[in-house]
Amino acid sequence: MTSVEDAAPNVKLVSVRVHAREAFSFRPGQWVDFYAPGVDKPGGYSIASSPGSFARDGTFALAVRASRSSACGHWVHERCREGDEARVRVGGKFFASREDLAHPLLLVAGGIGIAPLVGMLQTLVEEQHLESRGADATRKDDTASAELSPRAILLCSTKDPATQPLAGEVRAVAAKAASRQSSEDAVERARAALGVAADLCAACGGGAAAAAAAAPHAAAAARAPAADLESAAARRARRERRAR
């Protein structure tokens, strides 16, 4: 473990460095079986970072929620420290392929369920950024960057927006996507949408089911070429600014 931090009152964000780096790979959305020392049953935790970040520094992130029924989760929260070691094994058939990320995305989660979606959003920006660099080498106009702009909407229902795990990571992804927009208006739109990390889909505060019910209304907006991580409050603020 390279770090163990509080991501929320009941969630630890653990950074894991892999020794056999060349033998370890994953796609965004996959999880790992986490074998804590002295614990018989492994815990299953979604990877909350991108393959790109792993390629850069050999680490990946796990968001581990405290649970009375999980001995592994108890170990992470009560005993795990920087420098400790554990075994991990990648699993899961739910992940985002390169083909998936080539299309507009509508991502829906509740609470800690946002973890695998953070990795997807990070990968969306990273992989399309690499593609756009290739396109810009042959075509410098705004059309080239617009066609490769990340397109995603995230709906996340949370009990307490102030303590939503990984909200900071969502802000960072939105900021990175905003920096890639070619026009000042696009940058302003994306920056206005950063308020989503403060109240992740507050309009869907009734739980994950409410967030899912709101998904059809957001689907059309996912076709817009922007990282549209936006709450209803942010949309209203933007309309008011334009009306002035």
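Worth saying up front: this structure is predicted, and the values here are computed from it rather than measured.

## Looking at the overall build of the protein
Helix and strand content of the protein: eight helices and eight strands. When burial is assessed residue by residue, the protein has 48% of its 244 residues classed as buried. Counted over contacts in the protein with a minimum sequence separation of 6, partners at least 24 positions apart contribute 76%. Within the structure as shown, the protein displays about 12,700 Å² of accessible surface, and the carbon and sulfur contribution to it stands at 51%.

## Description of the confidence of the model for the protein
Close inspection of predicted coordinates is inappropriate in any region flagged by low pLDDT. Chain-level statistics for the protein give a pLDDT mean of 77 and a share of 64% at 70 or above. The model gives residues 182–207 a pLDDT under 50, and that stretch makes 48 contacts with residues more than four places away or in other chains. Residue range residues 217–233 is modelled with pLDDT below 50. Its contacts to residues more than four positions away, or to other chains, number 42 contacts.

## Regarding the pairing of strand β3 (residues 31–35)
In terms of burial, β3 is largely enclosed, as four of its five residues are buried. Direction of pairing for β3 relative to strand β4 (residues 43–46): antiparallel, over a ladder of four bridges. Residue pairing for β4: W31 is matched across the bridge by S46.

## Regarding the sheet that holds β4
Overall, antiparallel pairing links the three strands, which are arranged β4-β3-β6 in an open sheet. Each edge of the open sheet carries a strand with a single partner, namely β4 and β6 (87–91). Within this sheet the neighbouring strands show an average axis-to-axis angle of 30 degrees, counted without direction. Here β3 runs beside β6; their pairing, made up of five bridges, is antiparallel. In the sheet register, D33 faces β6, and the bridge partner there is R89.

## Section: the pattern of salt bridges
Enumeration according to the criterion identifies five salt bridges in this entry. The salt bridge partner of D33 is R89, with a shortest N-O separation of 3.1 Å. Taken together, the positions of D33 in strand β3 and R89 in strand β6 put the pair 56 residues apart, joining distant regions of the chain. Salt bridges here are not isolated pairs; linked through shared partners, they connect R27, R98 and E127.

## Overview of the side chain of S50
Mapped onto the fold, S50 is located in the loop between β4 and α1 (51–57). The exposure class assigned to S50 is buried, which follows from its relative accessible area of 0%. A polar contact of 2.9 Å, which involves the side chain of S50, links it to the side chain of E126. Those residues in contact with S50 that lie beyond four places of it in its chain are F26, G119, Q122, T123 and E126.

## Topic: the packing of aromatic side chains
Tallied over the full model, the rule gives seven aromatic pairs. Aromatic side chains F24 and F60 sit 5.2 Å apart centroid to centroid with 15 degrees between the ring planes, which places their arrangement in the stacked category. In this pair, F24 sits in the loop between β2 (11–17) and β3 while F60 sits in strand β5 (residues 59–65), placing the two residues 36 residues apart along the sequence. Residue class for F24 comes out buried when judged on its relative accessible area of 10%. An aromatic cluster of three or more residues is present, and its members are F24, F26, F54 and F60. Above the plane of the ring of F54 lies R21, whose end atom (NZ or CZ) is 6.0 Å from the centre. Positioned above the aromatic ring of Y35 is the side chain of R87, whose terminal nitrogen or guanidinium carbon lies 4.4 Å from the ring centre.

## Observations concerning the sheet that holds β2
If you trace the three strands from one edge of the open sheet to the other, you get β1-β2-β5, paired in antiparallel fashion. Two strands bound the open sheet, and with one partner strand each, they are β1 (3–8) and β5. Pairwise comparison of adjacent strand axes, ignoring direction, gives a mean angle of 25 degrees for this sheet. Examined bridge by bridge, β1 and β2 share five bridges and lie antiparallel to one another. Within β2, the residue paired with E5 across the bridge is L13.

Thresholds, definitions, all that
Each chain carries its own residue numbering, running from 1 in the written order of its sequence. Where totals are concerned, whole chains, interfaces and linings use all residues; where local detail is concerned, this predicted model gives features only for residues with pLDDT of at least 70, and gives and counts side-chain atom pairs only at 80 or more. Only hydrogens and water are removed before side-chain values are computed, so all heavy atoms of the structure are retained for them. Under the DSSP-based scheme used, a helix requires at least four consecutive residues in state H or I and a strand at least two consecutive residues in state E, with every element numbered from the N terminus. For each residue, the accessible area found with a 1.4 Å probe, counting protein chains only, is set against the maximum for its type, and the residue is called buried under 20%, exposed over 50%, and partly exposed in between. Contacts were defined at the residue level, with two residues in contact if any of their heavy atoms lie within 4.5 Å. Residue exposure ignores everything except the shown protein chains as possible cover, and the areas themselves are Shrake-Rupley values with a 1.4 Å probe. Known as pLDDT, the predictor's confidence for each residue is given on a scale from 0 to 100. Being paired, for any two strands, means DSSP has found at least two bridges between them. Simply put, an axis is a line fit to the C-alpha atoms, just over the touching stretch for a helix, and the angle between two N-to-C directions goes from 0 to 180 degrees. Just to be clear on terms, a salt bridge is a Lys or Arg side-chain nitrogen sitting within 4 Å of an Asp or Glu carboxyl oxygen. We call two N or O atoms a polar contact when they sit within 3.5 Å, provided that within protein one can donate a hydrogen and the other can accept it, with sequence-adjacent residues counted only if both atoms are side-chain atoms. Pairing of aromatic side chains requires ring centres within 6.5 Å, counting the rings of Phe and Tyr and the six-membered ring of Trp. Pairs whose planes differ by under 30 degrees are stacked, by over 60 edge-to-face, and all others tilted. Sitting over a ring, as applied to charges here, requires NZ of Lys or CZ of Arg to be within 6 Å of the ring centre and within 35 degrees of the ring normal.

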